[in-house]
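Fold and geometry: a report
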Amino acid sequence: MNPNEPPQTDRPRSSVLNSEAGNGAAQTTCPRCSTPLVEGRCLHCQPRANEEDRTYVQKDLPELAALRALHIGEADLDSQTPITLEIQGQHVTLPLAELVILGRAVKRPFARQPDVDLSRFEPNPKSVSRQHLAIRRRGSLVYVSDLGSANGTWLNRHRLLPKTERPLRNGDELRLGQLTMKVKYFAYPNKSR
């Protein structure tokens, strides 16, 4: 730093236009790139936001209230409490295991079968994949993840990213392809498998 030079700042500096540009009036330029400023802004370093780029605070919309109402259940579960799926008026109790795979069984030798076969609930064409969804117990919490299914998985009307775990709560709604079910953290008296 030279003591004879003024200190550098980030404030716009003035310069005089050459005689071809006009009347010799002072103009400000960007301190970073020396580009002429337009309305006090450098179009190169600080472009002005368009109206489409602005973020607005949303008011409570009816759709948001409906989504909030879906999150009514508790998230924690002890290791001996069963998880039951309510599908088309029938109850399917899941095995008490750390990991349970839901999907569609196939009649091929050596094909990997799901722990819970959902094919009886689905008419043709099939929208549930053979290895569609994983439900994993970790401590007192339960997580759900799509296993890369062809037709996707939705948790409370939100599509899950493949192989990404999300917490599963009592009362949540799951949709595997076109098959919708409700999650319950207890066993029904007439349980079916």
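Refer to the structure presented above.
Report follows, based on the coordinates. Every chain is numbered on its own, with residues counted from 1 as its sequence reads. It should be noted that, the model being predicted, local features are given only for residues of pLDDT at least 70 and side-chain atom pairs only at 80 or more, the latter also being counted only at that level, while totals for whole chains, interfaces and linings use all residues. In computing side-chain properties, one takes all heavy atoms of the structure into account and sets aside hydrogens as well as water.

**Observations regarding the sheet that holds strand E5 (residues 99-103)**
Sheet architecture is open: 5 strands sit in the order E6-E5-E7-E8-E11, paired in mixed fashion. Since the sheet does not close on itself, it has two edges, and those belong to strand E6 (116-117) and strand E11 (166-167), each with one partner. DSSP bridges decide pairing: two strands pair if at least two such bridges lie between them. A run of H or I in DSSP counts as a helix once it spans at least four residues, and a run of E counts as a strand once it spans at least two, with each numbered from the N terminus. As paired strands, E5 and strand E7 (residues 133-138) are joined by 4 bridges and run antiparallel to one another. For Val 100, the partnering residue across the bridge sits in E7 and is Ile 135.

**Notes on the packing of aromatic side chains**
Stacked, tilted and edge-to-face pairs are distinguished by plane angle, under 30 degrees for stacked and over 60 for edge-to-face with tilted covering the rest, among Phe, Tyr and Trp rings (Trp via its six-membered ring) whose centres lie within 6.5 Å. Under the definition given, this model contains 0 aromatic pairs. Charge-over-ring placement is defined geometrically: NZ (Lys) or CZ (Arg) within 6 Å of the ring centre, and within 35 degrees of the ring normal. Sitting over the face of the ring of Tyr 143, Arg 138 holds its NZ or CZ atom 5.0 Å from the ring centroid. Directly above the ring of Trp 154 sits Arg 175, whose terminal nitrogen or CZ lies 3.9 Å from the centroid.

**Brief notes about the nonpolar core**
We define a nonpolar core as any set of buried Ala, Val, Leu, Ile, Met, Phe, Trp, Tyr and Cys residues linked to one another through side-chain atoms lying within 4.5 Å. Note on classification: 1.4 Å probe, protein chains only; a residue is buried when its accessible area is under 20% of the maximum for its type, exposed when over 50%, partly exposed between these limits. Membership of the largest hydrophobic core comes to 25 residues, with the highest contact counts inside it found for Leu 102, Leu 118, Ile 135, Leu 168, Leu 174 and Met 181. Of all the elements in the fold, those that place two or more residues in this core are strand E3 (84-87), E5, E7, strand E8 (141-146), strand E12 (173-176) and strand E13 (179-184). Per-element tally for this core: the top contributor is E13, with 3 residues. Discounting chain neighbours no more than four positions away, the residues touching Met 181 are Leu 85, Glu 86, Ile 87, Leu 102, Leu 118, Asp 172, Glu 173, Leu 174 and Leu 176. Residues are treated as being in contact if the distance between any of their heavy atoms lies within 4.5 Å.

**Digging into the pattern of salt bridges**
When a carboxyl oxygen of Asp or Glu is within 4 Å of a side-chain nitrogen of Lys or Arg, the pair counts as a salt bridge. Counted under the stated rule, the structure contains 2 salt bridges. Note that Glu 165 is salt-bridged to Arg 136, the shortest N-O span being 3.3 Å. Of the two residues, Glu 165 sits in the loop between strand E10 (158-159) and E11 while Arg 136 sits in strand E7, which places them 29 residues apart along the sequence. The class of Glu 165 is partly exposed, set by a relative accessible area of 30%. For Arg 136, a relative accessible area of 27% puts it in the partly exposed group. Residues Glu 165 and Arg 138 are paired through a salt bridge, measuring 3.0 Å at the closest nitrogen-oxygen approach. Of this pair, Glu 165 sits in the loop between E10 and E11 while Arg 138 is found in strand E7, placing the two residues 27 residues apart along the sequence. Through salt bridges with shared partners, a single ionic network connects Arg 136, Arg 138 and Glu 165.

**Side note on the environment of Cys 42**
Relative to the helices and strands, Cys 42 is located in the loop between strand E2 (26-29) and helix H1 (62-70). When the C-alpha positions of Cys 42 and Pro 31 are compared, they lie 9.3 Å apart, and in sequence the two are 11 residues distant.

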